Amino acid sequence: MRWLASFVLLALLSAPAVPQTFPLFDQSYAIGLLDQDRLFNESRYGLKTRLAFDARAEALALENQTIEQELEAEELALTQKRVEMSPEDFAPLAEAFNDKANRLRAEQREKTQDLVTFRENTQAAFVRQVGPILLQLMREFRVGVIIQSDAAILSLPDIDLTDEAIARVDAVFLDE
């Protein structure tokens, strides 16, 4: 999940790589690190969002499994009927089965795509909700840019804002 990529890219393009004084603001800013996956997965709000997705994904997987088992049973029964029927009588049954199987599989692919869209939308909502919290952290810690923590080759642990961001998200979204 790289939901802050555009935010970071914009910040990287507009911020220096090392703290410096900005003539317009007469202030210097540091760089902060954030593990956005941890923020999403360990904050209560992100966890609730992930659990909602996981529940839907599990239900869809179970539904897919049930459909496949029913199709396999129906195909086996159809195969047994084939021996007893003439090719002319069997052909419409086989075609109907193929149509049904194709329709069900297409419906399940659509449900899978809907699930992917749900995940993308919930992650986007998460980003919108936590964005102001991260901006406040940036102001308080005088951070001019936040970089994904795994993008740093080497860093001091003091510049990682992840734990503080998780605590603040949890505090703001206590009831979420």
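Preceding this paragraph is the structure being described.
We now turn to the structure provided with this report. (Residues numbered from 1 in each chain as written. Predicted model: local features only at pLDDT ≥ 70, side-chain atom pairs only at ≥ 80, totals over all residues. Heavy atoms only, no water.)

**Structural notes on the packing of helix H3 (residues 44-84) against helix H4 (residues 87-140)**
Helices that pack against each other are described as a pair by the angle of their axes relative to one another and the distance between those axes. At a minimum axis separation of 11 Å, H3 and H4 run at an interaxial angle of 175°. Between H3 and H4, the angle falls in the class roughly antiparallel. A class-by-class count of the residues in the contact of H3 with H4 yields 18 nonpolar, seven polar and 10 charged. (Axes fitted to C-alpha atoms, helices over the stretch in contact; angles between N-to-C directions. Helix = DSSP H or I, 4+ residues; strand = E, 2+ residues; numbered from the N terminus. Parallel < 35°, antiparallel > 145°, perpendicular 65-115°, else oblique. Nonpolar A, V, L, I, M, F, W, Y, C, P; charged D, E, K, R; others polar.)

**Focus: the environment of Arg82**
Inspection of the secondary structure assignment puts Arg82 in helix H3. When the C-alpha positions of Arg82 and Leu93 are compared, they lie 9.4 Å apart, and in sequence the two are 11 residues distant.

**Focus on helix H5 (residues 162-172)**
The set of residues buried in H5 consists of Thr162, Ala165, Ile166, Val169 and Asp170. For H5, the arc enclosing every buried residue in end-on projection is 130°, short of the 170-degree limit, so these residues lie on one face. Away from the buried face of H5 by more than 90 degrees, exposed residues Asp163, Ala171 and Val172 are located. Against strand S3 (30-34), helix H2 (36-42), H3 and H4 lie the buried residues of H5. (Buried < 20%, exposed > 50% of the residue type's maximum accessible area, 1.4 Å probe, protein only. Arc of directions from axis to C-beta. Contact = heavy atoms within 4.5 Å.)

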